[in-house]
Amino acid sequence: MARGPVALTPRERLIFALDAPSGADALAWVDRLGDAVQFYKIGMELLASGDYFSVLDELARRDKRVFVDLKFFDIPATVAGVIRGLSRWPVTYATLHGWHAGMMEAAAAAREGDLRLLAVTVLTSMDGSDLRAMGINSAEPADIVVQRALAAQASGIDGVICSGQEAGMIRAATGPGFSIVCPGIRPGGPVGDDQKRTVGVAEAFALGADAIVVGRPISKATDPKAAAEAIQAEIAVAAK
């Protein structure tokens, strides 16, 4: 059974994508951003460094929330085992792919403590042509995203990762109490990178997002901390 959403403070609604090649680089970002960011997503790039769990522990020691974004996808027993193990760590969110009901059900049954599971619907770097190339015909991303969100909810998953473009449709379909976290946020509009389905900060929250994930608009900014604070100011207005 899905759990209720995490009680996030306004400043925890900004999640910074901590995409770094080493633990030292990751923690340098945490130092650089200071109190401008209270929630960090750590993904596959850091996993390859061997420093993943030491960074996770250090984030928790600094009273930061942690989002483990490793997008688990395997047979139900394997995914259940990793979720059971991950539940012992100080993690708020973890992701798995929302493609297989049996796998999602096993993961939901295995989670313990305060961990919330988010199903990845359709990656924000994909559009309709990508789906058709994968053999998913007669559908646009929005159609597939809503289907997968409903399947995740029925499987006991706590929420989804989706583009802000689909947040409103998911909120209407799933109702309150189902977490929606939106990556691919571009505060100044599209910037020509690999994210194809993007929205701005205020739009994401207006459409029903609980939190947003921001990476390059902060990390590539001339003053990353100032960029993060500017987004926090938008959130303070938009998420009321």
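Residues numbered from 1 in each chain as written. Predicted model: local features only at pLDDT ≥ 70, side-chain atom pairs only at ≥ 80, totals over all residues. Heavy atoms only, no water.

Going by the annotation in an unreviewed UniProt entry, the name recorded for the protein is Orotidine 5'-phosphate decarboxylase, with Pseudoxanthomonas mexicana given as the source organism. According to the UniProt record, the Function (unreviewed entry) comment for the protein is "Catalyzes the decarboxylation of orotidine 5'-monophosphate (OMP) to uridine 5'-monophosphate (UMP)." A UniProt comment under Pathway (unreviewed entry) is attached to the protein, and it reads "Pyrimidine metabolism; UMP biosynthesis via de novo pathway; UMP from orotate: step 2/2." (UniProt positions renumbered as here; feature names shortened; annotations may be inferred.)

A separate point is the pairing of strand β3 (residues 65–72). Taking burial as the measure, the eight residues of β3 include six buried ones, the bulk of the element. With four bridges joining them, strand β2 (residues 39–42) and β3 adopt parallel strand pairing. Counted as the bridge partner of Phe39 is Arg65 from β3. Note that β3 and strand β4 (residues 93–97) share three bridges and pair parallel. Each bridged residue has a counterpart across the sheet, and for Phe72 the counterpart in β4 is Leu96. Handedness of the crossover is the feature at issue here: the chain leaves β3, passes through helix α4 (residues 76–86), returns alongside β4, and the resulting connection is right-handed. (Buried < 20%, exposed > 50% of the residue type's maximum accessible area, 1.4 Å probe, protein only. Helix = DSSP H or I, 4+ residues; strand = E, 2+ residues; numbered from the N terminus. Pairing = 2+ DSSP bridges. Right-handed = clockwise from strand over helix to strand, strands pointing away.)

Time to look at the sheet that holds strand β8 (residues 211–214). Sheet architecture is closed into a barrel: eight strands sit in the order β1-β2-β3-β4-β5-β6-β7-β8, paired in parallel fashion. Strand-to-strand twist in this sheet, taken as the mean axis angle between neighbours without regard to direction, amounts to 25°. Both strand β7 (residues 179–182) and β8 contribute to a ladder of two bridges, which runs parallel. Looking across to β8, one finds that Val181 is bridged to Ala211. Set on the sheet, α4 makes contact with β3, β4 and β5 (116–120); between it and β3 the angle comes to about 170°. The strands touched by helix α5 (residues 101–110) within the sheet are β3, β4 and β5, with β4 carrying the most contacts at an inclination of about 160°. (Axes fitted to C-alpha atoms, helices over the stretch in contact; angles between N-to-C directions. Contact = heavy atoms within 4.5 Å.)

A two-sided burial pattern is seen for β2, the buried positions comprising Phe39 and Lys41 on one face and Tyr40 and Ile42 on the other. In this fold, strand β1 (residues 14–17) hands off to helix α1 (residues 23–33), which returns the chain to β2; that crossover is right-handed.

Think of an α-helix as 3.6 residues a turn; residues three or four steps apart then line up on the same face. Buried within α4 we find Val79, Ala80, Ile83, Gly85 and Leu86. Here the buried face of α4 lies against α3 (52–61), β3, β4, α5 and β5.

Bringing the packing of α4 against α5 into the picture now. Viewed as axis vectors pointing N to C, α4 and α5 meet at an angle of 30°, and their least axial separation amounts to 8 Å. With respect to α5, the axis of α4 lies roughly parallel. Handedness of the α4/α5 crossing: right-handed. On α5, the residues that touch Pro76, Val79, Ala80, Ile83 and Arg84 of α4 are Gly102, Met103, Ala106, Ala107 and Ala110. A per-class count over the contact of α4 with α5 returns eight nonpolar, one polar and one charged. (Parallel < 35°, antiparallel > 145°, perpendicular 65-115°, else oblique. Left-handed = near helix turned anticlockwise from the far one by under 90°. Nonpolar A, V, L, I, M, F, W, Y, C, P; charged D, E, K, R; others polar.)

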